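Chain residues, written in single-letter form:
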Amino acid sequence: MNSLDTYSFENKKVLLRVDFNIPIISDESDSVDDTRIRLSLPTIQKILSENGSIILMTHWGRPKGKHSESRSLKNLLPLIEKLIGRTVTFCEDPLSDETFKLVQSLKPGQIVLLENLRFYKEEFEGDEKFAEKLAKLGDCYVNNSFGTAHRNHASTATIAKFFPYDKMFGYVFESEIKKLDKLTKSSESPFTLLIGGDKVTTKIGIVEALLPKIDNLLIGGGIAYTFAKAKGYNVGKSLVEEEYINVAKRILETAEKFDVNIQLPVDCIIADKNGNDANIEHCEFSEIPDDWTALDIGIKTVDLFAEIIEGSKTLLWDGPLGVYEMTHFSYGTLKLALTVARATDKGLYSVVGGGDTIAALNKYSVSHKISYISSAG
Ligand code: ADP
Ligand code: 3PG
Ligand code: MG
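Residues numbered from 1 in each chain as written. Chains lettered and ligands numbered in written order. Predicted model: local features only at pLDDT ≥ 70, side-chain atom pairs only at ≥ 80, totals over all residues. Heavy atoms only, no water.

K.L.:
Got a minute to help me understand the overall build of the protein chain in this structure?
P.N.:
Within the protein chain, the secondary structure is distributed over 13 helices and 17 strands. A compact globule built from 377 residues would reach a C-alpha radius of gyration of about 21 Å, and the protein chain, at 22 Å, matches this within 12%. Residues counted as buried form 55% of the 377 residues belonging to the protein chain. The long-range share in the protein chain, meaning contacts at least 24 apart out of those at least 6 apart in sequence, stands at 73%. (Helix = DSSP H or I, 4+ residues; strand = E, 2+ residues; numbered from the N terminus. Rg over C-alpha atoms; globule rule 2.2 N^0.38 Å. Buried < 20%, exposed > 50% of the residue type's maximum accessible area, 1.4 Å probe, protein only. Contact = heavy atoms within 4.5 Å.)

Here you go:
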């Protein structure tokens, strides 16, 4: 199998799939968290230093197969150029003849960036023809997008088939596999999994895989309300993924079977609309009034989660506990970020993943305290 360190990139056009799915971290400005771009820099520099040229491919957000001005990678071009320290040519239509010609004429050291691949439904459908056309742009394929390792998309899984030999993982992908393998094989107990965020779909895999290994499962964020619904609680207008209620039930049952201490929130912060100007109340987790939306975990939950984290030896955290982008709903995420940082100082092995969770840690200036930051969500 090829690797970045053994492959020769001399005069090669390298199709590099990166994960530049970077979060927009504030509702007051367009500021973004650039961690994921920075993580790919060593891979990019390695290829450039060996006289390869690069065709960068990524997604940004979930534009669902439609063009969207706000998710155009044109917006990230100045930031990408600044971080790489070179000019990057933007290709608005990745499959056009113009792009093909431009890529054909690439000289060693030159870089192009293809427009957000999720503007095309073929990307997330894993379409073969689409992947084949993308594949024609490069001599070899490097996958550095660990964050999409679980997705069967055209630029991740399908495209690899068109490079039977000339394909490899980037440094991010390689190091993530090593670190996470270590975490699952030799973690010290008590091992706590803290999950939040807004999509049950993206968290089920990790929860189900780790249930046999963990001691505590703490659930917060938007996904907690699908679990609340599964338990028959009143959730008001809080986020619920109806089609995952059964999955939530299954997780609750399996957790019991494995003797995992599963802890849902006990209280939450609710709002009568989505925004910093909303009326805000505090209520029990099981009794959210109709017409109100839970947007953060409450103070009792924060204390409860903090105590369990402080008593743990290993912690894996993925997903903010509330709508951390808005000041009013960021308390849970902020307080637990500080707790994790302090506990890590005292010996906790902490692993944190997820674009938004990392953005939150950066916002609160504690990411340097965490034992290992994973780019995966
Ligand atoms: P990560 O990128 O860290 O894996 P996700 O992408 O799964 O995290 O989720 C992050 C999103 O979850 C944030 O945009 C945040 O606002 C949202 N979120 C957190 N709590 C809630 C909630 N109670 N209701 C709705 N959205 C929430
Ligand atoms: C992430 O942010 O977790 C990855 O970039 C994958 O994004 P996705 O969940 O939209 O596929
Ligand atoms: Mg996210």
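Past the structure itself, the notes keep going.
K.L.:
Mind showing me how you'd approach the site of ligand 2 here?
P.N.:
Ligand 2 sits among 11 residues. The nearest are Asn21, Arg36, Arg62, Arg118 and Arg151. Within the side chain of Asp19, one N or O atom sits 3.0 Å away from an oxygen atom of ligand 2. In isolation ligand 2 has 310 Å² of accessible area, and contact with the protein removes 90% of it. Of the residues belonging to the shell around ligand 2, the class tally is no nonpolar, six polar and five charged. (Near = heavy atom within 4 Å. Polar contact = N/O pair within 3.5 Å; in protein donor to acceptor, adjacent residues only side chain to side chain. Areas by Shrake-Rupley, 256 points an atom, 1.4 Å probe, with all protein chains shown as cover. Nonpolar A, V, L, I, M, F, W, Y, C, P; charged D, E, K, R; others polar.)

K.L.:
What am I meant to see in the site of ligand 1 here?
P.N.:
Taken together, 19 residues lie around ligand 1, and Lys203, Asp318, Glu325, Asp356 and Thr357 are the ones closest in. In the model, an oxygen atom of ligand 1 is placed 2.9 Å from a nitrogen or oxygen of the Asp356 main chain. For ligand 1, whose unbound accessible area comes to 580 Å², protein coverage reaches 86%. Broken down by secondary-structure element, the contributors of at least two residues to the shell around ligand 1 are β14 (293-297) and α13 (355-363). When residues in the shell around ligand 1 are grouped by element, the largest group, three residues, is from α13. Taken together, the residues that form the shell around ligand 1 break down as five nonpolar, nine polar and five charged.

K.L.:
How should the environment of Asp356 be read in this particular structure?
P.N.:
By the secondary structure assignment, Asp356 is in helix α13. Not counting residues within four places of it along the chain, the set of residues in contact with Asp356 comprises Pro23, Pro320, Tyr324 and Glu325.

All quantities given are derived from atomic positions and should not be read as evidence of function.
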